[in-house]
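Geometric and topological summary
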Amino acid sequence: MVILNDIIEAIEAVAPVAWQESYDNAGLQVGNRFQSVSGAVICLDVTEAVVDEAIALGYNLIVSHHPLLFKGLKSITGSSCVERIVVKAIQHNIAIYAAHTNLDNAPGGVSFRMARKLGLIDVRVLDPMPGLLMKLVTYVPESHVEPVRTALFEAGAGHTGNYDQCSFGQVGEGTFRPGLHAKPYCGVIGELHREPETRLEVIVPVYAQGAVMAALKRSHPYEEPAFDWIPLANRWEQVGAGVVGHLPEPVDEMLMLEKLKEIFEVGCMKHSPLHGRKISRIALCGGAGASLMSKAVAAGADMFVTGEIRYHDYFEFESHILLAEIGHYESEQYTKEIFCEIIQKKFPTFAIHSTQVDTNPINYL
């Protein structure tokens, strides 16, 4: 039996909710996280037809990219599409979960999948996120440095780029005098004690702070371990919006546009004027990524591909970079593959169905 919370933990291990943008509403939308789940329908958007598809399959979980609920509902009367979906989902005990901008910002997320489809190499995040990292500093008696360090690593500390188990240690001397009601690991009540200690430092993602703090308290021998949490201004280079990478070989502009149209099954592509240049370096952002165009230019990209671009942005950037607007749905459609891979890796026998419903609300004539 698979519990919904197990599925949620597998997804959030890749795309923690803490990585979502401030305006977003990712996470569990409908249902009880501790209910058992029989199977999952994977989609980009939750529509009534997708719910009907889940009912027909006998599955009671829908995993979507776009949240069904962005704003609070003041009533649930079935008077709107969203209300009807919520009512039907509850009636059939169907849970609805969404991973949106947290998956956009995740390593290997939506824009990375676009880059893979285009065969880009040396791919990196275009706009890394700030404010997601902290430094934990603690002081450990020499006899317990390795057990404490290991516990912190296992709780999620010590990752730096492509490296893990990263830490810094500096030997020194700590002093303390146990009080009358203390239960000291070492030293005598009422007497000043000197202990050889190591100043241990590790980087910790903000979302893992609670788990790392609990690991420190479990593994540290002191009754009152000393520690400092230091917020970092560093950008997390592996987490953020959009990506930029290289083609293995430069390609003519028109050929690149035709390749985009084919790979992303674009019904009607918009693009800025051609410059007669070769395309080598490409920046990408799934969905509405027009705000990253200046980042793409600064990164030296020859081309920027996204789902939506505002009319006046074409004027501002057309002389700097080739812009390609391929449609919101089209740019994010392969997000379903990411969900399927995450769940299948953790639960290889769990029933997964990538929706056969075309949820793209835009049609082309």
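Residues numbered from 1 in each chain as written. Predicted model: local features only at pLDDT ≥ 70, side-chain atom pairs only at ≥ 80, totals over all residues. Heavy atoms only, no water.

The protein chain carries the name GTP cyclohydrolase 1 type 2 homolog in an unreviewed UniProt entry, which gives Barnesiella viscericola as its organism. On record in UniProt, under Sequence similarities (unreviewed entry), the comment for the protein chain is "Belongs to the GTP cyclohydrolase I type 2/NIF3 family." According to the UniProt record, the Subunit (unreviewed entry) comment for the protein chain reads "Homohexamer." (UniProt positions renumbered as here; feature names shortened; annotations may be inferred.)

1. Concerning the sheet that holds strand β6 (residues 95-98)
If you walk across this open sheet you meet the five strands as β2-β6-β5-β4-β17, and the pairing is mixed. Two strands in the sheet have a free side with no partner beyond their single neighbour: β2 (27-30) and β17 (352-354). Across the sheet, the mean angle separating the axes of adjacent strands is 25 degrees when strand polarity is ignored. Judged from the three bridges that link them, β2 and β6 form a sheet pairing that is antiparallel. Paired with G27 across the bridge in β6 is A98. (Pairing = 2+ DSSP bridges. Helix = DSSP H or I, 4+ residues; strand = E, 2+ residues; numbered from the N terminus. Axes fitted to C-alpha atoms, helices over the stretch in contact; angles between N-to-C directions.)

2. Some words on unusual backbone geometry
Positive phi, normally seen in glycine, also occurs at Q165, with a value near 55 degrees. In this fold, Q165 is placed in the loop between α6 (145-154) and β9 (168-176). Positive phi, close to 50 degrees, is recorded for E265, a residue that is not glycine. For E265, the position within the fold is in the loop between α8 (253-263) and β13 (270-271).

3. What to know about the sheet that holds strand β8 (residues 133-141)
By way of backbone hydrogen bonds, the strands of a sheet pair with one another, either parallel or antiparallel. The antiparallel open sheet is built from four strands, whose spatial order is β9-β10-β8-β11. Pairing within the sheet leaves two strands with one partner each, and these edge strands are β9 and β11 (227-231). Averaged over all pairs of adjacent strands, the angle between strand axes in this sheet comes to 25 degrees, irrespective of strand direction. In this structure, β9 lies alongside strand β10 (residues 193-205), joined through nine bridges in antiparallel fashion. Paired with F176 across the two strands is H193, which belongs to β10. Against the sheet, α6 contacts β8 and β10, and its axis sits at roughly 15 degrees relative to β10. Sitting on the sheet, helix α7 (residues 209-219) is in contact with β8, β10 and β11, with an inclination near 165 degrees to β11. (Contact = heavy atoms within 4.5 Å.)

4. A word on α7
Looking only at α7, the buried set comprises V212, M213, A215, L216 and S219. The arc that holds every buried residue of α7, seen down its axis, measures 160 degrees, which confines them to one face. Pointing more than 90 degrees away from the buried face of α7 are the exposed residues G210, K217 and R218. The inward-facing, buried residues of α7 abut β8, α6, β10 and β11. (Buried < 20%, exposed > 50% of the residue type's maximum accessible area, 1.4 Å probe, protein only. Arc of directions from axis to C-beta.)

5. Notes on the layout of surface pockets
Estimates place the volume of the largest pocket at around 410 Å³. V14, W19, P107, W236 and Q238 are the residues nearest the centre of the largest pocket, which is lined by 17 residues in total. Within the residue set of the lining of the largest pocket, elements represented by two or more residues are α1 (4-14) and β12 (235-252). Broken down by class, the residue content of the lining of the largest pocket amounts to 11 nonpolar, six polar and no charged. Its volume calculated, the second largest pocket comes out at about 300 Å³. In this structure, the second largest pocket is lined by 24 residues; those nearest its centre are E21, Y23, D104, A241 and C285. (1 Å grid on protein atoms, 1.4 Å probe; cavity = no way out; pocket = protein on both sides within 12 Å on 5 of 7 lines; lining within 4 Å. Points joined across faces, edges and corners; volume = space filled by probe spheres on them. Nonpolar A, V, L, I, M, F, W, Y, C, P; charged D, E, K, R; others polar.)

6. Considerations on α8
Taken as a whole, α8 has its buried residues at E253, M256, L257, L260 and I263. Burial along α8 is one-sided: seen end-on, the buried residues are contained in an arc of 135 degrees. Buried-residue contacts for α8 involve α5 (110-118), β12, β13, β14 (278-285), β15 (303-306) and β16 (322-325). Once α8 finishes, E265 follows within two positions and takes phi at roughly 50 degrees, a positive value.

7. Concerning the side chain of T335
Residue placement: T335 occurs in helix α12 (residues 335-346). In contact with T335, not counting residues within four places along its chain, are L44, H65, L103 and V110.

8. Points about the UniProt feature "binding site: a divalent metal cation" (unreviewed entry) in the protein chain
With numbering aligned to this structure, UniProt lists the feature "binding site: a divalent metal cation" (unreviewed entry) at H65, H66, D104, H328 and E332. Of the residues just listed, which span 268 residues, no C-alpha pair is farther apart than 13.0 Å, and they cluster in one region. From this annotated list, the subset lining the second largest pocket comprises D104, H328 and E332. Residue position: H66 is located in the loop between β5 (61-64) and α3 (81-91). Apart from residues lying up to four places away in sequence, H66 is in contact with L44, D45, A98, H100, H328 and E332.

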